[in-house]
Amino acid sequence: MNVSDSIPGTGNREIAVVRVSDTEWHAVEGDQVVGRGDASLRPDGRLFVSNDAWHGTVFDRIAEALSADLPAPLHAVADEADHDSVSAWQRAGFTTVRREWGYVVPTDPQVTGLGAVRPPAGVVIVPVGQAEEAPLRALDQVLHAEIEAGVGWAAVPAQVLPRPAGITVVDLSKYAVARQAGRYVGLLRVAPLTRQPRIGLIAVRAAVQRHGVARALLADTLDALHRSGTTSVWAEVAESNAAATALFEGIGARRVNSALELVRR
């Protein structure tokens, strides 16, 4: 779809929004790109869009094109403190469906209180980067099915990375796992980002939840990061996920911001 209009307050210059690929849109003013839109399909089937435009009217034109070209529902994420961005998505017909807390998580076991934590009887923690591919992929598929049938994706961080169709484990080096009786029963994914590592997901098989497996995964991973010189990591927790909130706040994680997931149906 192409959308053209004049921008109030900018000399009545014309802007055109053009779809340049299956997942990208450009807002063009003369010979300059003044904004970009993007779309990505997440592993859970949610279609997320982003809108990078400084001027409110450019944002509105890109949002109009995204909504016209893509099937509903469309999802977006905005920093709750960025009132301009939240208002812009709302102008485009998006409404808030959930909130995510952003946490800074200490790694020092003397701060977290995890120094004495040991895995439950019969459970072994396989450190980050040492998981075997086949059982990890099998666990990942089982966990996705259990999440869909149980708490649902509303309890899982929205900002998961786009994946090739049908593939949710891309980089084995980012995973720690819990093994019990020869099977993997839990996983933790941590992205070793330059500024601050990010815990992307902690998930445990339904049959072994509430036995301390998640806590043991967290204890082992945070301790390893602490010993390597990392003082804190980043994590997001859905407001509705009371268990995860209690887990992180119980080890001294500090809530520093919040993000909103919005949807246009």
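Reading the values: rules and limits
- Residues numbered from 1 in each chain as written.
- Predicted model: local features only at pLDDT ≥ 70, side-chain atom pairs only at ≥ 80, totals over all residues.
- Heavy atoms only, no water.
- pLDDT = per-residue confidence, 0-100.
- Contact = heavy atoms within 4.5 Å.
- Helix = DSSP H or I, 4+ residues; strand = E, 2+ residues; numbered from the N terminus.
- Expected span 1.5 Å × (residues − 1).
- Buried < 20%, exposed > 50% of the residue type's maximum accessible area, 1.4 Å probe, protein only.
- Arc of directions from axis to C-beta.
- Phe/Tyr/Trp six-rings, centres within 6.5 Å; stacked < 30°, edge-to-face > 60°.
- Pairing = 2+ DSSP bridges.
- Right-handed = clockwise from strand over helix to strand, strands pointing away.

1. Some remarks on the confidence of the model for the protein chain
Here the protein chain averages 88 in pLDDT, and 87% of its residues register 70 or above. Segment residues 158–162 is flagged for pLDDT under 50; beyond a separation of four residues in sequence, or across chains, it makes 17 contacts in the model.

2. Structural notes on helix α4 (residues 133–149)
The end-to-end C-alpha distance of α4 is 25 Å, a good match for the 24 Å that 17 residues give at a rise of 1.5 Å each. Those residues of α4 that fall on the buried side of the exposure criterion are L136, L139, D140, L143, H144 and I147. Along the long axis of α4, the arc covered by the buried residues comes to 140 degrees, so they all point the same way. Exposed and facing more than 90 degrees away from the buried side of α4 are A134, E148 and A149. The inward-facing, buried residues of α4 abut β9 (175–180), β10 (183–191) and β11 (198–204).

3. Examining the packing of aromatic side chains
Inspection of the entire model under this criterion finds three aromatic pairs. Taken together, a centroid distance of 5.0 Å and an interplanar angle of 80 degrees make the contact between F59 and W89 edge-to-face. Placement of F59 in helix α1 (residues 56–69) and of W89 in helix α2 (residues 83–91) is noted, with a sequence separation of 30 residues between them. The class of F59 is buried, set by a relative accessible area of 5%.

4. What about unusual backbone geometry?
Omega for the peptide link from A72 to P73 comes to 0 degrees, which places this bond in the cis form. For P73, the location among the structural elements is in the loop between α1 and β6 (74–79). For A181, which is not glycine, the phi dihedral falls at a positive 50 degrees. Structurally, the position occupied by A181 is in the loop between β9 and β10. In the Ramachandran plot, R210 falls in the positive-phi region, its phi being about 65 degrees despite a non-glycine side chain.

5. Some points on the pairing of strand β5 (residues 47–53)
When you tally the buried positions in β5, you get five out of seven residues, the bulk of the element. The pairing of strand β4 (residues 32–41) with β5 spans seven bridges and is classified as antiparallel. The residue bridging R36 from the neighbouring strand is D52, located in β5. Crossover connection from β5 via α1 to parallel β6: handedness right-handed.

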